[in-house]
Every structure is written in structure tokens, then in C-alpha cells.
Amino acid sequence: MTTSITKQLLVIGNGMVGQHFIEQFLSRADAAQWQLTVFAGEDRPAYDRVHLSDYFSDADAGKLQLAADSFYRDNDVSLKLSEPVLAIDREAKTVTTAKARYFYDKLVLATGSYPFVPPIAGNDKPHCLVYRTIADLEAISASSKDAKVGVVIGGGLLGLEAANALKLLGLEAHVVEFAPQLMPVQLDKDGGELLRSKIAQLGVSVHTDKATSSISEGTEQRLQLNFSDGSVLQTDVIVFSAGIRPQDQPGKDAGLEPGARGGIVINNQCQTSDSDIYAIGECALWQGQLFGLVAPGYQMARTAAAVLCGDSSQSFTGADMSTKLKLLGVDVGSIGDAHGRTPGSISLRYRNDLAGEYRKLVLSADGKQLLGAVLVGDNSYYDTLLQYALNGIALPAEPQSLILPQSNSKPLLGPAALPDSATLCSCHNVSKGAICAALDSGVQDLAGIKSCTKAATGCGGCAALLKSVVEHELSARGVAVSTDLCEHFSYSRQQLYHLVRVDGIKTFNELINSHGRGHGCEICKPAVASILASCWNEPVLAKPHVALQDTNDTFLANMQKNGTYSVVPRIPGGEITPAMLISIGKVAEQYQLYTKITGGQRIDLFGATLDQLPLIWQQLIDAGFETGHAYGKSLRTVKSCVGSTWCRYGVQDSVSMAILLENRYKGVRAPHKIKMAVSGCTRECAEAQSKDVGVIATENGWNLYVCGNGGMKPRHADLFATDLTDEQLLSYIDRLLMFYIKTADRLQRTASWMNNLEGGLDYLREVIIHDSLGLAAELEAQMQLLIGNYQCEWQTVLNDPAQRARFNSYVNAAAPARSEFGFVPERGQLIPTRQLINKETTL
Amino acid sequence: MSQLAYALDNQPCVQQQPVLLCQQQDLVPFSGVAARFGRHAIALFYLPGEEVELYGVSHIDPASGAPVMAHGLLGESKGEFYLAAPLHKQQYRLSDGQCLSDSTLKLQVFNVQLQHGQVWLLPPME
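Residues numbered from 1 in each chain as written. Chains lettered and ligands numbered in written order. Predicted model: local features only at pLDDT ≥ 70, side-chain atom pairs only at ≥ 80, totals over all residues. Heavy atoms only, no water.

Peer 1: When you look at the overall build of chain B in this model, what are you seeing that I'm missing?
Peer 2: Assigned secondary structure in chain B consists of zero helices and ten strands. Tracing chain B from N to C terminus, the helices and strands come up as β-β-β-β-β-β-β-β-β-β. Taking 2.2 N^0.38 as the reference for a compact globule, 126 residues should give roughly 14 Å; the C-alpha atoms of chain B span a radius of gyration of 14 Å, in line with that estimate. Projected onto its principal axes, the C-alpha positions of chain B cover 35 × 35 × 25 Å. Counting the 126 residues in chain B, one finds 57% classified as buried. Across chain B, every contact between residues at least 6 apart in sequence was considered, and the portion connecting residues at least 24 apart equals 46%. For chain B, the computed accessible surface area is about 5,500 Å², with 50% contributed by carbon and sulfur atoms. Distance from the positive charge centre (6 side chains) to the negative charge centre (11 side chains) of chain B: 8 Å. (Helix = DSSP H or I, 4+ residues; strand = E, 2+ residues; numbered from the N terminus. Rg over C-alpha atoms; globule rule 2.2 N^0.38 Å. Buried < 20%, exposed > 50% of the residue type's maximum accessible area, 1.4 Å probe, protein only. Contact = heavy atoms within 4.5 Å. Areas by Shrake-Rupley, 256 points an atom, 1.4 Å probe, with all protein chains shown as cover. Lys, Arg positive; Asp, Glu negative; His and termini not counted. Charge placed at Lys NZ, Arg CZ, Asp CG, Glu CD.)

Have a look at this one:
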């Protein structure tokens, strides 16, 4: 590529929509002809504003960031942080910032909006804040220190989010709304009333029909709100959330056609009145409409990216403004014409003050089409209703059945009834047809669909619907979605686990006789062996379990390609004395074992014959080693850096913590292997974020990351909890591991386990941290039982002549010479011969 | 000639006299052990109480050439017993050694019998 043909594309704004535009644009082939420059007003790259209040539960702004820092570098996007555009010169085709002027061939405005602060006297006093950016949140957080009361002015969607944020900060929260009800845009009067009473029950005081006339100094608290009806309310913090206004200044100044009430006018191609300038997101006005939701903004971003690359088939034709969310824990949904403004429309309502539920349908005059709906208290009705409304599907004869509480005959709109054109995920515009196409191309499961189509990875609102569509389509394609473990058990692993625990079953035979059929197979035997071990932690080689184990568990070693085994002693935390290291070396030398350092900070000794294993282990155990469980579906290693003991950056003793964790969980059998790591500071030398359980030291304690892995499909672990004490850390990991052991599928790592949990990470937090299922004490007790029953399996084998006899290669002959296995020297060690068998002459 | 790297091979076993391989107590119920006969290694699977109580197949994995088959897991599907190879989990029917997942692979079958607490290798059946 030569610079002469590179065209300049400038994007003003790096919010969610601006970022989506970049990603969409880069995914197009023509993008290579362009040099992309992005101007951000804020000092950080694009982040998730939809989940802004997570900042208060997480206290980690980095978690909200949409793309890794390396994204911009890797894609050759020049990102100018803290460099807002001051002026656009359409004649010269330049934009000006405080630092420089930049030429453009094409320009995209993604400037978003700013919070509207009502013109109330005193609104500029200290502790009068807004709720829009991370910087705003930091200001609210700072202002809340030593504060008692917080007030949000504005009872809309964002206002209630802000009230939640104040509550999370420990303030007594109030919401003041000018209109007679909460969320006047999305809800009708009855819905608003119910929401109000539910929110009041949660300890947020709601004041509707209140106009604030001024803000003065308070007497008890810092500030006083004076209302037009003469009443007053004292508070320490005020957050304005009275709507947003399009950030249209640079566009308007440049002479682009503005709307009467703000915004830059765009056509169906997202072009402004200057065809070289595009506008997308909240700053754009389409047919007199502004769109304050992320999904329509994303659609505009896609359209603009396509049009810029010469694909005129895409156009923006308006967007659905339906919303489903949980506000302060209360389900609220609003679909289409929620207020029944369509002439002739009729409504059906269900209101239950006892259960705190309200639902309304707005129907066309003939009662055949669903135009809109309002839901408060239970959003389980939302997905079906949205599909009726969006796809114009004819309503059943008795449409009230769609909102009446669970009767057995409730006609659910099954996945089969949806047309291929039905949009399942509006954040990423994924239709049922796209899901089907992905399945046809070979994707086999829900997790695969999520990663290839991005469906349900935006707001996540469509997750349940997506799951049912994928399951339905898979079974339509003849792919068994049965959760049966195998032909011998009509139960999932999770169900078998419960049967084993509830019935106190101790052996495979008991289980298959009472709950299965036949004789078992290589699927169910090791799975049940693992469940039995997870429940009771009896030695895996105890007599009734012997025939169940995979080869590696049978011989407590890892079978290699030539039939010999490898040996891995446990080296907790990767810490080892020179004497211990020498003793490993002596054993390896004596038995001529190929020796290699593993990725988990221990030492793997290869090439031992079956008969040699007990001899080798006797020496290792005499030297003070234990089995490393490298062969088991269980904890492998806890990797660590040297931490505060040696490192000048370390803030906690990561080695001691790693040793503690490794000794605590060693030997616990799980659905799959488990890896952990502990880093002594945020430099993260132990790579904890690529582990099932990652622990990173902070000044105040430990941050816990969960459900990461390396391997074929690497996944960064998610930040789960911050600044934990040692005790908290252990109890969270106890609960997490035990919950995983109880509920995961066979051979499912923690990452895909979490991805398949309905509600994902948030649900896991609820269960583990907030104990929403009331299971915490039980999980900890069960883990304690496993920890208490630990024994070194190799020690057990060596103590039992009968078990030891299993390690004879032949029942009727002497141990085979190692030379029988075929070894050749390479770089001073012995490795297997490359080819053991001549394929042509086999049977 | 087969070019195995071991002092073992998987040429057909043609011996004509019964040979005592081992004792019944050397067997592990519903699992395998390996026994030697000359250059042959035989994996013995013991299924007490079943119609056929003892199966003998080659200990050599046809796919890799490694002497490992006695360490595979015993499985059952629709009443038929098979052996899952420990390295790559191919399934071999115990009655005739046929690989169920790859028609080009077959495990040599040995005519073994349990008699009065002893395990015997008998001449191959025609």
C-alpha cells in the first residue's frame, strides 16, 4: 500500500457507537485503503456505558473498556485521547483540535450526547453532579465520602440507574421526578405506580410531581432542594439525570443542517447535509427522531461503515426502542407503542398488587396485531411479546393468555414459530436466519454460536431466547441435544451428582443398578468415578473404583504415545529447595527419564515403564514429594511469582498464598482440570488471568479472577471480587469450586461452564458472593470434607501390596526392558523412536 | 514383516498346544491385565457373571503400535462389549477385534478360556 492512495477517515467520538463503527469498518475489505484517526474527548478508550453502575460493584473501570488497548495499535487506528475536536472546516476539509489540524476525506460524527442539567438556581454548587461518564462516577464516588443522603433529579431509566449507584455507595437515596410517575417515556401510569411502590420497598424514596425551584445551602446536610410546592429536601449529593441532549455543537458550527430541537440531520445512509460527513448515534437525527439507546446507534454504525466502503445495500430505516431491564432489582419492560397512541388501539391489562406485577398489551383495532406492551415485576413475558410485535405475527385468539400468570395452556411463541427474518439479538442485529446459517456451517453449540455471531453478547437480554432457538434448531438438524450422559444413564452429570449425594451412593454398581442400565462405558465410568471422588473423596484406586478409571487415573501417571508414562511430583507454588531439586534430578538420572520443566512451574519426568512407577515414586516420596495429580481431572498447579518477598514491585506474599491454595485444593476431583495462579502485583507475572482461578495482589488484599483458560480457545478470566482478605478469598474459592463441581457438565472447563450458566458472571456473583441460593455454608462444608479426606494417592498405593501389583506390566512375565519401548537419544536425553509401527504391514 | 520396535509383534498366533497364561486371581474384574506368550502380548478382560467371562485381544494398539490395550476402558453398547483404546479412544469390539470407529483397524483376537481358576491360551479357532 502506498501512502498516495491512503484516504483519511476521521471519527469524532469514541463512545460505544463510535467504537462499534470502527470495528464494523475494519471488518470490511476496503478498510485497508483508509487511515483511521479517532478523537476522544475523554482520557480513556471506549467503555460500556450501559453497565456503568457495575463500576460501583466492581470498582474497576478497566472491566468496562470495550476493546483492549492493543486493538487500536494492532489495527493501525490512531486514537487521540483527551483531544476533543473544536472546529470543522468543510471548505478545507479539516478538523481542528487544541493540538493540531487534521485533513479528512470522510468524517464521521459520533459525538453522542451530554446530560441535560435543568436551569435551576444553584445547580452549579459543589456536589451537584451528573451521571454519564466514568469521570462522573469518580466524582460521585468522591462526593459520597462522608455523605449520608443522595438525591437524583430525574426518574427516568438513567435516573433510577443513578439512584442504584447512590445506594451502592451506601447513601440514603431519593429520586425526584417532575412528572406524576417514574419512567414516563417507557411506562404508563399503572406501570409507573407499581414501579414506584416496588422501588420504595427497596429503600429508595420516590418523590413524583415535584418541580425543583432552587438549590441552597443545607443545615443538616450540605445542600437543600427547594420545591415549587414549598416543601424542601436536604441532601449531601445531587445527581442530575433529567435527560440527554445531542452533542451537536461542532457539526452545527460547521453549518450542517440541524434539527429543530437539536441533533444533526441524517438520511437513510447516515449522511448529513454534507455527503462527506456522516453522523451516527445519539447526535444524529433521523426523520425527526433521536435515538438514545445503543442498539439503534449500532445499526447506524453498521450502515455508515457499509456506505463508506461503497456498499449501498445497507440503510438505516429506524429502530425499535423496546427495552427490557432490571432497575434496582425490579423487572421493567417496554415494547413499541407502550402508551397506546396508535389511533383505534385497544389495551388489555393484568394488574396484581399482591404479587407486585403489572402487564399491558396494546393491540391494533382488530385485535390481531401486538403494537406495544408494558411489563413491571416479571420480564419473563418480554421475549415472546417482543417477537409478536417486531415480526407482526398474528396474535392467538385470546391474546390475554399472553400476559395472564402461568396457566398450563399459556401459548408460548416457540422458536419454531419465528420467521427466519426475526431479529433475536438487536444489539448485534442477529436474525434467526443467521443463527441457522451458522449451525449449517458446522457450529455445534450455544457457546460456539455466541462467539461466531456475537448474539447475546451485547446487553444479554436475548440469551434465553437464543438458547431455545439453538436447541430447537439443533434437534431439527438431528443433532442430539439430549443432556443424557450416555446410553447407560438418562441423566446429565449434574443430575447424577445430586443422585449420588442425595442417595448416599458410594459405588458405580450401586448407581447403575438404581438409576441406569447396562454395564457402562468409557464415558460414564470415569465421569461417575469423578463424581464419587468429588462427593466422598475415597481413593480413586479403592477396589470398587478400579475398573472405572481412565488409564491415567488407574496408574496415577500420564500415558505417553509409546505406552510409557510421565511422572510429575507436586511442587506447590513452584517453590523448591535445592535439596529437593537434586533429589528429582537423581531419580531422573537413575531411571534415564527425559526431563522437562512444565508450564505450571514443575518438572515432568518422561519415559517410565509401568513397573518403574512404584519404584520411582517410592524414592520421590522418601525425598518428601507428593503426587502432583498431573493425570487427574483436578487441581494441577498454582503458579506464582515471587511477590513481595523479593520483588521490588510486589505488594503481597504471592508465593505463600499460592502454596496455601495448592495445598488446600490438591487432589479435589472436578469435572475437568483446574489451574490457578497468584500474582504479587498488577504486573501479573504469574499470568493469573489465564487461569480458572486467578488471584492478583492489591495494596488492600487480593483481587479474584475466575473462569479463564489458555489452550485451544484462550479466555481471559473475569474480575469477580476485589480487595479480599485471605479468609474471604478462601471462602469464595471454596464456594466457587464446589459449585462448579456440583453443576458443570462432564469435561467442561470453568469458562464454558460459566458461559452456559443462565445469567453468567452476574449470576455466579449472586450465588457465590451474595449467597442468593442459600448454599454458601453447604458448599464450604462440602469442600471442607474433601480437603479433610485428602491423601497422597501414591503413598496409598505403595502401602498396599494388592494395588502395587497392578503396576506389573505382565501378570506372567518379568518387567519388560525399557529398550523394548524403543528410545533414541536426542540432545543428551532419551526420547521415543519417531515411528513405532509400519502401517502397511499391520493386520 | 512387521517392523515393531518391541520384542513383541502382532503376527497371527499360530501355536497348536494349549498354554497356561496365568491364574484367575491375576485378573481384575471388569478391567484388563496383560500377559506374555513368546513375542505376543495379550490383553485379558475379565467379565465375571457375563455370558462370555473372558476375552483375549492383542495388547498392541493397532493405531499406534504401543503396548497399551490392556489399560483401555471396558465399555458396553446395546449388550455388546468393547474396549476403548487408552491413547485415542478408538472402540474395538471384544468378540472379534473389529474397530467400530475405523473399519481399517482391527485388533488380533486370542482364543482364551477360563478353566478351574486358570487362564488358558488355546489354538486359534477356525
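After that view of the structure, there is still more to cover.
Peer 1: When you look at the environment of A:Ala588 in this model, what are you seeing that I'm missing?
Peer 2: Residue and element names in this part refer to chain A. Looking at the secondary structure, you find Ala588 in helix 17 (residues 578-590). Separated by 545 residues in the primary sequence, Ala588 and Asp43 have C-alpha atoms spaced 56 Å apart. Other than its neighbours up to four places away in sequence, Ala588 contacts Leu593, Thr595 and Leu605.

Peer 1: Explain the nonpolar core to me, please; I cannot follow it from the model alone.
Peer 2: All names here are of chain A. Residues Phe489, Leu704, Ile733 and Leu764 are the most contacted members of the largest nonpolar core, which totals 66 residues. It is helix 20 (residues 726-743) that provides the largest number of residues to this core, a total of ten residues. Shared between two domains, this core holds at least three residues of each, these being domain 3 (493-549) and domain 4 (635-788). Aside from chain neighbours lying at most four places away, what touches Leu764 is Cys707, Phe720, Leu736, Phe739, Trp753, Met754, Leu757 and Ile769. (Core = buried A, V, L, I, M, F, W, Y, C linked by side-chain atoms within 4.5 Å. Domains from an automatic or database assignment.)

Peer 1: Got a minute to help me understand the packing of aromatic side chains in this structure?
Peer 2: Any two aromatic rings considered together are summarised by their centre-to-centre distance and by the angle between their planes. Summed over all chains, the structure comprises 15 aromatic pairs over all chains. Geometrically, the ring pair formed by A:Phe21 and A:Phe25 is stacked, given 5.7 Å between the ring centres and 25° between the ring planes. Here A:Phe21 pairs with A:Phe25, and both are found in helix 1 (residues 16-26), just four residues apart, close to one helical turn. With centroids separated by 5.9 Å and ring planes inclined at 65°, the aromatic side chains of A:Phe739 and A:Trp753 adopt a geometry described as edge-to-face. One end of the pair, A:Phe739, is in helix 20; the other, A:Trp753, is in helix 21 (residues 750-756), with 14 residues separating them in the sequence. For A:Phe739, a relative accessible area of 5% puts it in the buried group. We classify A:Trp753 as buried; its relative accessible area is 2%. A network of ring pairs unites the aromatic residues A:Phe555, A:Tyr565, A:Trp617, A:Trp794 and A:Phe807 as a single cluster. The side chain of B:Arg36 reaches across the aromatic face of A:Tyr810, ending 5.1 Å from its centre. (Phe/Tyr/Trp six-rings, centres within 6.5 Å; stacked < 30°, edge-to-face > 60°. Lys NZ or Arg CZ within 6 Å of the ring centre and 35° of its normal.)

Peer 1: Looking at this model, I keep getting lost on the interface of chain A and chain B. Mind explaining?
Peer 2: On the side of chain B, 49 residues touch chain A, which itself brings 41 residues to the contact. Counting the surface lost from both chain A and chain B, the interface buries some 3,300 Å², and carbon and sulfur atoms represent 54% of this. Applying the counting rule to chain A against chain B returns one salt bridge. The residue B:Arg36 makes a salt bridge to A:Glu820 at a minimum N-O spacing of 3.4 Å. Our count for the contact surface shared by chain A and chain B stands at 16 residue pairs in polar contact (both at pLDDT 80 or more). Contributing elements (two or more residues each) for the side of chain A that touches chain B: helix 15 (524-536) and helix 16 (551-555) of chain A. Here the residues of the side of chain A that touches chain B sort into 16 nonpolar, 17 polar and eight charged. (Buried area = accessible area lost by both parts, 1.4 Å probe. Salt bridge = Lys/Arg side-chain N within 4 Å of Asp/Glu carboxyl O. Polar contact = N/O pair within 3.5 Å; in protein donor to acceptor, adjacent residues only side chain to side chain. Nonpolar A, V, L, I, M, F, W, Y, C, P; charged D, E, K, R; others polar.)

Peer 1: What exactly am I supposed to notice about the domain arrangement of chain A here?
Peer 2: By a frequent convention, interface size equals the accessible area lost on bringing the separate parts together. All names here are of chain A. Assigned domains of chain A: these are domain 1 (3-114 + 246-308), domain 2 (128-242), domain 3 (493-549) and domain 4 (635-788). On a C-alpha basis, the centroid separation for the pair domain 3 and domain 4 is 26 Å. With 14 residues of domain 3 at the contact, the number on the domain 4 side is 14 residues. Of the roughly 1,200 Å² buried between domain 3 and domain 4, counting both surfaces, carbon and sulfur atoms make up 52%. Looking at the side of domain 3 facing domain 4, the largest losses of area belong to Arg493, Ser534 and Asn537, adding up to 40% of the total buried there. Counting across the domain 3 and domain 4 interface gives zero salt bridges. Inspection of the domain 3/domain 4 interface yields five residue pairs in polar contact (both at pLDDT 80 or more). Elements that contribute at least two residues to the side of domain 3 that touches domain 4 include exactly helix 13 (493-502) and helix 15. Per-element tally for the side of domain 3 that touches domain 4: the top contributor is helix 15, with six residues.

Peer 1: Please explain the sheet that holds strand 3 (residues 77-80) of chain A as it appears in this structure.
Peer 2: Backbone-to-backbone hydrogen bonds join strands into a sheet, with any given pair of strands oriented parallel or antiparallel. Residue and element names in this part refer to chain A. Taken in spatial order, the five strands line up as 3-2-1-7-19 in an open sheet, and their pairing is parallel. This sheet does not close on itself; its edge strands, each paired only once, are strand 3 and strand 19 (277-279). Adjacent strand axes in the sheet meet at a mean angle of 15°, parallel and antiparallel pairs treated alike. Together, strand 1 (7-12), strand 2 (34-39), strand 3 and strand 7 (106-109) form the strand contacts of helix 1, whose direction differs from that of strand 2 by roughly 170°. Where helix 8 (residues 294-308) meets the sheet, it contacts strand 1, strand 2, strand 7 and strand 19, and its direction lies at approximately 160° from that of strand 19. (Pairing = 2+ DSSP bridges. Axes fitted to C-alpha atoms, helices over the stretch in contact; angles between N-to-C directions.)

Peer 1: How should I be thinking about the confidence of the model for chain A in this particular structure?
Peer 2: When pLDDT is low, close inspection of the predicted coordinates is not appropriate. Residue and element names in this part refer to chain A. Summarising the model, chain A shows a mean pLDDT of 88, and 96% of its residues fall at 70 or more. Taken as a whole, residues 407-411 scores under 50 in pLDDT and shows six contacts with residues more than four places along the chain or in a different chain. Overall, residues 838-843 carries pLDDT values under 50, and its contacts beyond four positions in sequence, including any with other chains, amount to eleven contacts. (pLDDT = per-residue confidence, 0-100.)

Peer 1: Got a minute to help me understand the layout of surface pockets in this structure?
Peer 2: The gaps of empty space that remain are located by a probe, the size of a water molecule, rolled over the atoms. As a volume, the second largest pocket reaches approximately 910 Å³. A:Lys543, A:Val546, A:Arg806, B:Val28 and B:Pro29 are the residues nearest the centre of the second largest pocket, which is lined by 37 residues in total. Sorting the residues of the lining of the second largest pocket by element identifies helix 14 (508-515), helix 16 and helix 25 (801-805) of chain A together with strand 2 (32-37) of chain B as the ones contributing at least two each. Here the lining of the second largest pocket takes four residues from helix 14 of chain A, the largest share from any one element. Residues belonging to the lining of the second largest pocket are distributed by class as follows: 20 nonpolar, twelve polar and five charged. (1 Å grid on protein atoms, 1.4 Å probe; cavity = no way out; pocket = protein on both sides within 12 Å on 5 of 7 lines; lining within 4 Å. Points joined across faces, edges and corners; volume = space filled by probe spheres on them.)

Peer 1: Hey, could you run me through helix 14 of chain A in this one?
Peer 2: In an α-helix, one turn spans 3.6 residues, which is why side chains three or four residues apart end up on the same side. Residues and elements named next belong to chain A. Residues of helix 14 that are buried: Phe508, Leu511 and Ile512. Projected onto a plane normal to the axis of helix 14, the buried residues spread over an arc of 90° and lie on a single side. Of the residues in helix 14, the exposed ones pointing more than 90 degrees away from the buried face are Asn509 and Asn513. (Arc of directions from axis to C-beta.)

Peer 1: Where do I start with helix 23 (residues 776-788) of chain A in this structure?
Peer 2: In this model, helix 23 of chain A (13 residues) spans 18 Å end to end at C-alpha, consistent with the 18 Å of a helix rising 1.5 Å per residue. Looking at the buried residues of helix 23 of chain A, the elements they touch are helix 13, helix 15, helix 19 (654-665) and helix 20 of chain A. (Expected span 1.5 Å × (residues − 1).)

Peer 1: How should the sheet that holds strand 31 (residues 594-597) of chain A be read in this particular structure?
Peer 2: All names here are of chain A. Read across the open sheet, the four strands follow the order 29-30-32-31; overall the sheet is antiparallel. Among the strands making up the open sheet, the edge pair consists of strand 29 (558-559) and strand 31. The sheet contact formed by strand 31 and strand 32 (residues 603-608) spans four bridges and is antiparallel. Looking at the pairing, Thr595 lines up with Leu605 of strand 32. Against the sheet, helix 18 (residues 612-622) engages strand 30 (565-567) and strand 32, with an angle of about 5° to strand 30.

Peer 1: Would you mind showing me how to read the pairing of strand 15 (residues 232-235) of chain A here?
Peer 2: The side chains of a regular strand alternate between both faces of the sheet. All names here are of chain A. In this sheet, strand 15 lies alongside strand 14 (residues 223-227) in antiparallel orientation, the contact comprising four bridges. The residue bridging Gln224 from the neighbouring strand is Gln234, located in strand 15. Linking strand 14 to strand 15, which pair antiparallel, is a turn of four residues; within it Gly230 sits at a positive phi near 95°.

Peer 1: How do you make sense of the pattern of salt bridges when you look at a structure like this?
Peer 2: Should the charged atoms of two oppositely charged side chains come close, the side chains can pair. All names here are of chain A. One pass over the structure, following the stated rule, counts 37 salt bridges over all chains. As a salt-bridge pair, Lys432 and Glu473 come within 3.9 Å of each other at their nearest N and O atoms. Placement of the pair is Lys432 in helix 10 (residues 432-440) and Glu473 in helix 12 (residues 463-476), with a sequence separation of 41 residues. Residues Lys432 and Glu473 agree in their burial class; the two are buried. Salt-bridge contacts for Lys742 lead to Glu778; the nearest nitrogen and oxygen are separated by 3.3 Å. Within this pair, whereas Lys742 is found in helix 20, its partner Glu778 is found in helix 23, the two being separated by 36 residues in sequence. Classification of Glu778 as partly exposed rests on a relative accessible area of 38%. One salt-bridge network, held together by shared partners, links Asp188, Lys189, Asp190, Glu193, Arg349, Arg351, Asp353 and Lys360.

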